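What follows is each chain in one-letter form.
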Amino acid sequence: MQKPYHESWEQFLKAEFTKQYFVELSKFLSEQYSDRKIYPPKSQVFSAFRTNLDDVKVVILGQDPYHGPHQAHGLAFSVREGIDTPPSLFNMYKEIEADLGTPIPQSGNLQRWADQGVLLLNNVLTVEAHQAGSHRGHGWELFTEATIRYLSDNRENLVFLLWGRDARSKASLINQSKHLILEAPHPSPLSAHSGFFGCKHFSKTNAYLTAHKLPEIVW
């Protein structure tokens, strides 16, 4: 059976899966998936890790998955093909349009970003249907922090896009002498006008990648 993540993450993931916090998290998830509607489907929980570790150039941190039907598929901010673009992602598209002149896409599926080395990682990787934040505090946060540390320690010249309080709290985990950290308010309609719009993070990301002789992201 095909693994739900790219083999380049094997060493990191296997080490995390054996830690006590993850054993307890796995037990919690097994119970949740057995008698409740949980998003994304089990097979897609680690979809972000299908991006080859060696190809990662940009890390975007989300909060937890969308909790409506047919939306979440394991990539932060992304929705499945054919699903309406959620408000936060639409605001990201608006900023890209203002920053780079790129027309707003019809699709909210960000697999095209993942294929270019954008790791779309949520702080919490699962959620109960219609219950935002319902899987917080069960261990996913420790897993995400371990992922960020691993990337910071084992890669160079990554761009970390930290939007909103939860994401910005992770800045201390990143070696700023090796990587670029760009912070802004969350693109949610509740906060986008307080500094996300106009942040120009997408052009700044590409300028940094170009300066380090890396391919730009086609946003």
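Residues numbered from 1 in each chain as written. Predicted model: local features only at pLDDT ≥ 70, side-chain atom pairs only at ≥ 80, totals over all residues. Heavy atoms only, no water.

K.L.:
Whenever I open this one, the packing of helix 1 (residues 10–17) against helix 5 (residues 140–154) confuses me. Can you help?
P.N.:
A packed helix pair is summarised by two numbers, namely the angle formed by the two axes and the spacing between the axes. The interhelical angle for the contact between helix 1 and helix 5, taken along N-to-C directions, is 145°, at an axis separation of 11 Å. Note on packing geometry: the crossing formed by helix 1 with helix 5 is right-handed. Touching Gln11, Phe12, Leu13 and Glu16 of helix 1 are Phe143, Ala146, Thr147 and Tyr150, all from helix 5. (Axes fitted to C-alpha atoms, helices over the stretch in contact; angles between N-to-C directions. Helix = DSSP H or I, 4+ residues; strand = E, 2+ residues; numbered from the N terminus. Left-handed = near helix turned anticlockwise from the far one by under 90°. Contact = heavy atoms within 4.5 Å.)

K.L.:
Just checking my understanding: could you explain the sheet that holds strand 6 (residues 180–184) for this structure?
P.N.:
Across a sheet, paired strands are connected by hydrogen bonds in the backbone, their directions being either parallel or antiparallel. With respect to topology, 4 strands assemble into an open sheet ordered 3-2-5-6, the strand pairing being parallel. Strands with a single pairing partner mark the edges of an open sheet, and in this sheet they are strand 3 (118–122) and strand 6. Going across the sheet, the axis of each strand differs from the next one's by a mean of 20°, ignoring polarity. The pairing of strand 2 (residues 58–62) with strand 5 (residues 159–163) spans 4 bridges and is classified as parallel. Pairing of isoleucine 60 across the sheet is with leucine 161, part of strand 5. Of the strands in this sheet, strand 2, strand 3 and strand 5 are in contact with helix 5, which crosses strand 3 at around 155°. (Pairing = 2+ DSSP bridges.)

K.L.:
Even after reading the chapter, I still don't get helix 5, so can you show me in this structure?
P.N.:
Structurally, the α-helix is built with 3.6 residues per turn, so residues lying three or four positions apart point the same way. In this model helix 5 runs 21 Å from its N-terminal to its C-terminal C-alpha over 15 residues, within 8% of the 21 Å that 1.5 Å per residue would give. Buried within helix 5 we find Trp140, Glu141, Phe143, Thr144, Ala146, Thr147, Ile148, Tyr150, Leu151 and Ser152. Buried residues along helix 5 sit in contact with helix 1, helix 2 (20–35), strand 2, strand 3 and strand 5. (Expected span 1.5 Å × (residues − 1). Buried < 20%, exposed > 50% of the residue type's maximum accessible area, 1.4 Å probe, protein only.)

K.L.:
Even after reading the chapter, I still don't get the side chain of glutamate 10, so can you show me in this structure?
P.N.:
By the secondary structure assignment, glutamate 10 is in helix 1. Not counting residues within four places of it along the chain, the set of residues in contact with glutamate 10 comprises Lys3 and Tyr5.

K.L.:
Just to check I follow, could you spell out the pattern of salt bridges for this structure?
P.N.:
Pairing of side chains with opposite charge becomes possible as their charged atoms draw close. Taken as a whole and assessed by the stated rule, the structure comprises 7 salt bridges. The salt bridge partner of lysine 19 is glutamate 16, with a shortest N-O separation of 2.7 Å. Between glutamate 183 and arginine 168 there is a salt bridge, with its nearest N and O atoms 3.0 Å apart. With glutamate 183 in strand 6 and arginine 168 in helix 6 (residues 165–168), this pair connects stretches of sequence that are 15 residues apart. (Salt bridge = Lys/Arg side-chain N within 4 Å of Asp/Glu carboxyl O.)

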